[in-house]
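Observations on the model geometry
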Amino acid sequence: MPGHDEVDRIVDSWLRERPDLDFSPLQVLSRVARLSKHLDRARRTAFTRSELQSWEFDVLSALRRAGAPYELSPKALLLQTLVSSGTMTNRIDGLVERGLVTRRTDPNDGRGIRVSMTADGLSRVDAAITRLVDAEAELLGTLTLPEQEHLADLLRKLSLDFD
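In this text, all values refer to a predicted model and were calculated from it rather than measured experimentally.

Notes on the pairing of strand β3 (residues 109–117)
Sheet analysis places strand β1 (residues 71–72) next to β3, joined by two bridges and oriented antiparallel. Bridging across to β3, leucine 72 finds its partner in valine 115. Sheet analysis places strand β2 (residues 101–106) next to β3, joined by six bridges and oriented antiparallel. Looking at the pairing, threonine 105 lines up with isoleucine 113 of β3. Turn length for the β2-β3 hairpin, with the two strands adjacent in sequence and antiparallel, is two residues.

Here we look at the UniProt feature "domain: HTH marR-type" (unreviewed entry) in the protein chain
As recorded in UniProt, the feature "domain: HTH marR-type" (unreviewed entry) lies at residues 25–160. As annotated, residues 25–160 comprises 69% helix and 12% strand, and the C-alpha atoms at either end are separated by 18 Å.

Structural notes on the environment of alanine 137
Locating alanine 137 in the fold gives a position in helix α6 (residues 119–139). C-alpha of alanine 137 to C-alpha of serine 61: the two residues are 76 residues apart in sequence and 19 Å apart in space.

Regarding the packing of aromatic side chains
Taken as a whole and assessed by the stated rule, the structure comprises two aromatic pairs. Where tryptophan 14 meets phenylalanine 23, the ring centres are 6.0 Å apart and the plane angle is 20°; that geometry is what we call stacked. What makes phenylalanine 23 buried here is its relative accessible area of 9%. Aromatic pair phenylalanine 47 and phenylalanine 57: ring centres 4.3 Å apart, planes at 25°, arrangement stacked. Of this pair, phenylalanine 47 sits in helix α2 (residues 24–49) while phenylalanine 57 sits in helix α3 (residues 54–65), and the two are 10 residues apart along the sequence. The same class applies to phenylalanine 47 and to phenylalanine 57, which are both buried.

So, the sheet that holds β1
The pairing of strands in a sheet comes from backbone hydrogen bonds and takes either a parallel or an antiparallel form. With respect to topology, three strands assemble into an open sheet ordered β1-β3-β2, the strand pairing being antiparallel. Each end of this open sheet is capped by a strand with a single partner; those strands are β1 and β2.

Description of the nonpolar core
By size, the foremost hydrophobic cluster in this structure holds 22 residues, and its most contacted members are Phe47, Leu52, Phe57, Leu60, Leu63 and Leu77. For this core, the elements supplying multiple residues, two or more each, are α2, α3, α4 (74–81), α5 (85–97), β3 and α6. The greatest single-element share of this core, amounting to five residues, is contributed by α3. With near-sequence residues (within four places) excluded, phenylalanine 47 lies in contact with Leu52, Ser54, Phe57, Ala128 and Leu132.

A short note on the side chain of serine 50
Summarising the element assignment, serine 50 is placed in the loop between α2 and α3. Judged by its relative accessible area of 5%, serine 50 is buried. One polar contact links the side chain of serine 50 to the main-chain carbonyl oxygen of alanine 46, over a distance of 3.3 Å. Excluding anything up to four places from it in sequence, serine 50 contacts Arg124, Ala127, Ala128 and Arg131.

Some words on the environment of alanine 128
By the element assignment, alanine 128 lies in helix α6. Overall, the relative accessible area of 0% leaves alanine 128 in the buried class. Put simply, alanine 128 and serine 61 are 67 residues apart on the chain and 9.4 Å apart in space, counted from C-alpha to C-alpha. In contact with alanine 128, not counting residues within four places along its chain, are Ala46, Phe47, Ser50, Leu52 and Phe57.

Each value, and the rule that gives it
- Residues numbered from 1 in each chain as written.
- Predicted model: local features only at pLDDT ≥ 70, side-chain atom pairs only at ≥ 80, totals over all residues.
- Heavy atoms only, no water.
- Pairing = 2+ DSSP bridges.
- Helix = DSSP H or I, 4+ residues; strand = E, 2+ residues; numbered from the N terminus.
- UniProt positions renumbered as here; feature names shortened; annotations may be inferred.
- Phe/Tyr/Trp six-rings, centres within 6.5 Å; stacked < 30°, edge-to-face > 60°.
- Buried < 20%, exposed > 50% of the residue type's maximum accessible area, 1.4 Å probe, protein only.
- Core = buried A, V, L, I, M, F, W, Y, C linked by side-chain atoms within 4.5 Å.
- Contact = heavy atoms within 4.5 Å.
- Polar contact = N/O pair within 3.5 Å; in protein donor to acceptor, adjacent residues only side chain to side chain.

Written out as C-alpha cells, the structure reads:
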C-alpha cells in the first residue's frame, strides 16, 4: 500500500472534525482533481514545445484523426471540438493566418467549405501528440499496464453517464 498523500491528510482532518460525514468521494475525486492539474501542465508543455495553443491542437488533432487528406468541414470540426460555430470560424481564421490549415470551397457542394491541414500543421500536431503521449506515460509510470487498464475501465464506467 502506498504512503499517505495530501488527500489522505485532508480527509483525515475532516474525519476528525466531521466524523458524521462519509468522505469516500473525496478520496477519489480530490485525487482526480489534483492529477488533472498535473495533466494540464503536461499538455501545456507539449503544446508549447510544438508552438501550439491548446485550442489549435484540438482542431489540428481532429483533422489528423480524420486521416489523409486531413480535411473536414467546419461542421464536423464543431462536433469534434464542442465549440460554437462563431468560435470555430475564429479558430479556423487563426489557423489559416498561421499557415496551419487552408480553407477552400467543397468541390462536391459549392456552398460548403473544407478545412485542410497544411504540412506545417501536420508536423506540429504530430510533434505535440508524441510529446503528450510521452508526458502522459510518465504521469502513469508508477502503475503497471494492467493497473492502467483497470483504472481506464473504472474511469470509463464513471464517465459514461456524463458523455
